[in-house]
Amino acid sequence: MRLHLIYLGYDVTVYSNKGREIDFRAVKDGKIYMVQVAYSVAEEKAYNREFSAFAGIDNTIKKIIITNDEVDFSTSTVYHYSLRDFLMRDEL
């Protein structure tokens, strides 16, 4: 993921949100994206763990979770991409 984001031109770092690690903070053209990566969020425990990492982050920052799940787990504040769809994108 990190290398793909760098390939797309993003400046990528790990981000800590009040002790909860977010896998990637990606910045490009002044826009900030928070990206969480998980194998799956189909189970409630995994869903809660991964989505809770975004708690308290300003809604002007785009929050993205990438998984192998084919079911769309997007919410009103978090975008969900399957790994395949993410790799086909040119932008977040």
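Residues numbered from 1 in each chain as written. Predicted model: local features only at pLDDT ≥ 70, side-chain atom pairs only at ≥ 80, totals over all residues. Heavy atoms only, no water.

Enquirer: Explain the environment of Asp72 to me, using residue names and the numbers behind them.
Expert: Examined against the element boundaries, Asp72 turns out to sit in the loop between β4 (62-67) and β5 (78-82). Note: C-alpha distance between Asp72 and Asp23 (49 residues apart in sequence) is 20 Å. (Helix = DSSP H or I, 4+ residues; strand = E, 2+ residues; numbered from the N terminus.)

Enquirer: A description of the side chain of Asn17 should follow, citing residues and the corresponding values.
Expert: Note on placement: Asn17 falls in strand β1 (residues 11-17). Taking relative accessible area as the criterion, Asn17 reaches 7% and is therefore assigned buried. Ignoring any residue separated from it by four or fewer positions in sequence, one finds Asn17 in contact with Ile22, Ala53, Phe54, Ala55 and Ile57. (Buried < 20%, exposed > 50% of the residue type's maximum accessible area, 1.4 Å probe, protein only. Contact = heavy atoms within 4.5 Å.)

Enquirer: Could you give me a rundown of the confidence of the model for the protein, with the residues and numbers involved?
Expert: Keep in mind that low pLDDT regions are not for reading the predicted coordinates in detail. In this model, the protein carries an average pLDDT of 95, and 100% of its residues clear a pLDDT of 70 or more. Looking over the protein, one finds the lowest element-wise mean pLDDT in helix α3 (residues 83-88), namely 93, and the highest in β4, namely 98. (pLDDT = per-residue confidence, 0-100.)

Enquirer: Tell me about the nonpolar core, and please be specific about residues and values.
Expert: Counting 13 residues, the largest nonpolar core has Leu5, Tyr10, Tyr33, Val35, Ile64, Phe86 and Leu92 as its most contacted members. Counting residues per element, the ones that place at least two in this core are β2 (20-28), β3 (31-37) and β4. Residue contacts for Tyr33: discarding those within four places in its chain leaves Tyr10, Phe24, Arg25, Ala26, Ile61, Lys62, Ile64 and Leu92. Grouped together as the second largest cluster of nonpolar side chains are twelve residues, Ile22, Ala38, Ile57 and Val78 included. (Core = buried A, V, L, I, M, F, W, Y, C linked by side-chain atoms within 4.5 Å.)

Enquirer: So what's going on with the pairing of β5? Residues and values would help.
Expert: Most of β5 sits out of view: four of its five residues are buried. Note that β4 and β5 share five bridges and pair parallel. For Ile64, the partnering residue across the bridge sits in β5 and is Tyr79. (Pairing = 2+ DSSP bridges.)

Enquirer: For the sheet that holds β4, give the residues involved together with the corresponding values.
Expert: Pairing between the strands of a sheet is mediated by backbone hydrogen bonds and can be parallel or antiparallel. Here five strands make up an open sheet; going across it, the order is β1-β2-β3-β4-β5 and the pairing mixed. Among the strands making up the open sheet, the edge pair consists of β1 and β5. Between one strand axis and the next, the sheet turns through 30° on average, direction left out of account. In this structure, β2 lies alongside β3, joined through five bridges in antiparallel fashion. The residue of β3 that forms the bridge with Arg25 is Met34. (Axes fitted to C-alpha atoms, helices over the stretch in contact; angles between N-to-C directions.)

Enquirer: Just give me the short version of the pattern of salt bridges, but keep the residues and values in it.
Expert: Enumeration according to the criterion identifies three salt bridges in this entry. With its nearest N and O atoms 3.2 Å apart, the salt bridge here joins Glu50 to Arg49. Relative accessible area serves as the criterion here: at 9%, Glu50 is assigned to the buried category. By relative accessible area, which is 47% here, Arg49 ends up partly exposed. Glu70 is the salt-bridge partner of Arg84, the closest N and O atoms lying 2.8 Å from each other. (Salt bridge = Lys/Arg side-chain N within 4 Å of Asp/Glu carboxyl O.)

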